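Next come the chains, spelled out residue by residue.
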Amino acid sequence: MSPLERTVLTTAGFLVGSALAADESARRASEAVVERTRQIDEQRRFIERIVDSLPVGLYVVDREYRVHAWNRKRETGLQGVLREEALGRTIFEILRRQPADMLRQEFDDVFRTGTMTQFEMPSNAAGELRTYRVSKIPMRINDAAVTHVITIGEDITEWKRAHERVAEAQRLAALGQLSAGVMHEINNPLATIAACAESLALQLTERDVPAPLRDAIAEYTHIIDHEVHRSKRIVDGLLDFSRPRGDTREPVDPNEVVEHTLFLLKHHPRFKHVKVEASLDADIEPPVYGSREQLAQVLMALLLNASDAMDGTGRVVIRSRNDAADGGVVIEVEDQGRGIAGSELGRLFEPFYTTKSPGRGTGLGLSICYGIVADHGGRIDVDSQLGVGSTFRVHLPAGQAKPTTDGQGEEKTT
Ligand SMILES: Nc1ncnc2c1ncn2[C@@H]1O[C@H](COP(=O)(O)OP(=O)(O)OP(=O)(O)O)[C@@H](O)[C@H]1O
Ligand SMILES: [Mg+2]
């Protein structure tokens, strides 16, 4: 091969080699792009999956109020809208039940101030009335002005109920302490009044008092005695509320308590025209550790209230069952009475809260129930619908409860 031919061949080889190398690096670069795109896609899907897994409704709107993100939770429920239908449309076209002005104002506040807002909202979207905590969070794409608003709706119904329960327990505990103090102060003067009335009555028999005066004094001392006893009953009621007398604690079969209560009420005049239906779970897991008498007192108060709520005629169901959710047992009393307004519910367990005429109710029944059940480590829940009826549920923990107190103990925990 001549030198020229060798040169030509070498050059050609070099050119082919360069072309191949360029091809290879282009191929590698495009592979890198594909790989990068794949990673970005994967990352996006991962973030989408996170957002979809959140137990909250979440969506994002831009400054034109157009939807840019809509998570899975927002697709469910009565007002659920599919993501494909939501994306790109304005929020006013989607959330038609909410007044557009109000909705716009909520977003504008966040766009303007750049700070998060939070409020509670009742909603029927899940088919029943539930409470949602709505948070509107500002989002900035380039760390400058707010470009989007993230809205999160969290169902806080259970949290709110638990919170209210704790607040109510604290309020009633404070009331209990107050009642215990007042009761103590009233007991002594009551005893003095009773003793004075008794002494007056005795003197009447020992002295020579003219007949008309004797009759008048006898009548007055009788009235005093009667009223002192009435006051004493109220004071004792308050005592039961503030410091339930810890009768001997023993293993108690809940069904037996129900049957014992029904036996006691059988001849009660307020139950003459009330049909009581007992539905007792034979497989209930006894025992509850507590006082048979006190628990019967609770059921009796609930049954009497049920009868009153139905004006003495109708049907009451008393049920026992295991508490699948919390453990322990539930005894519930269901009536078909007048029902209880939402505004009343918060006051039911307060001592002296009554809607009954004087002489008919003192308003101590439920507060005593509350004291006794709390002392057993349990709680009472109420479900009610105006004009339809109410269900009072006594939840009692199974097994060993708190140690017995003598009722005059120092501390009461509710
Ligand atoms: N099953 C019920 N249905 C409707 N309202 C009820 C029911 N149970 C209680 N209430 C309401 O709660 C109030 C308080 O009940 P609570 O048992 O504490 O007192 P009371 O029944 O009025 O009087 P007391 O029990 O001292 O005789 C009642 O006056 C009534 O308005
Ligand atoms: Mg009552």
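Up top is the structure these notes are about.
Everything numeric here is computed off the predicted structure, so don't read it as measured data. (Residues numbered from 1 in each chain as written. Chains lettered and ligands numbered in written order. Predicted model: local features only at pLDDT ≥ 70, side-chain atom pairs only at ≥ 80, totals over all residues.)

Considerations on the overall build of the protein
Then comes step 1: Each helix and strand in the protein was counted, giving 10 helices and 12 strands.
Then comes step 2: On C-alpha atoms alone, the protein measures out to a radius of gyration of 37 Å, which is more than a quarter above the 22 Å that the 2.2 N^0.38 rule sets for 414 residues.
Then comes step 3: Out of the 414 residues in the protein, the part that is buried amounts to 22%.
Then comes step 4: By sequence separation, contacts in the protein at least 24 residues apart represent 64% of the contacts at least 6 residues apart. (Helix = DSSP H or I, 4+ residues; strand = E, 2+ residues; numbered from the N terminus. Rg over C-alpha atoms; globule rule 2.2 N^0.38 Å. Buried ≥ 20, exposed ≤ 12 C-beta atoms within 10 Å, placed from the backbone. Contact = placed C-beta atoms within 7 Å.)

Things to note about the nonpolar core
Then comes step 1: Among the nonpolar cores identified, the biggest contains 40 residues, and Val298, Leu299, Leu302, Val333, Cys369 and Tyr370 are the most heavily contacted of them.
Then comes step 2: Contributing elements (two or more residues each) for this core: helix 5 (157–206), helix 6 (211–242), helix 7 (254–265), helix 8 (292–309), strand 9 (313–322), strand 10 (329–334), helix 10 (365–375) and strand 12 (389–396).
Then comes step 3: The dominant element in this core, judged by the number of residues it contributes, is helix 8, at 9 residues.
Then comes step 4: Shared between two domains, this core holds at least three residues of each, these being domain 3 (159–242) and domain 4 (249–414).
Then comes step 5: Setting aside residues up to four positions removed in sequence, Leu302 forms contacts with Val333, Cys369 and Phe392.
Then comes step 6: Residues Trp70, Ile91, Phe107 and Val110 belong to the second largest nonpolar core, which totals 10 residues. (Core = buried A, V, L, I, M, F, W, Y, C linked by C-beta atoms within 7 Å. Domains from an automatic or database assignment.)

Some words on helix 8
Then comes step 1: Compared with the 26 Å implied by 1.5 Å per residue over 18 residues, the 26 Å span of helix 8 between its first and last C-alpha is a close match.
Then comes step 2: For helix 8, the buried fraction is high: 13 of the 18 residues fall into the buried class.
Then comes step 3: Just beyond helix 8, the residue with positive phi is Asp311, at close to 55°. (Expected span 1.5 Å × (residues − 1).)

Some remarks on the site of ligand 1
Then comes step 1: Near ligand 1, the surroundings consist of 21 residues, among which Ala309, Thr354, Gly361, Gly365 and Leu366 are the closest.
Then comes step 2: Contributing elements (two or more residues each) for the shell around ligand 1: helix 8 and helix 10.
Then comes step 3: Element by element, the count of residues in the shell around ligand 1 is highest for helix 8, at 4 residues.
Then comes step 4: Here the shell around ligand 1 is built from residues that sort into 8 nonpolar, 10 polar and 3 charged. (Near = placed C-beta within 6 Å. Nonpolar A, V, L, I, M, F, W, Y, C, P; charged D, E, K, R; others polar.)

In short, the description is geometric, and any link to function would need to be established separately.
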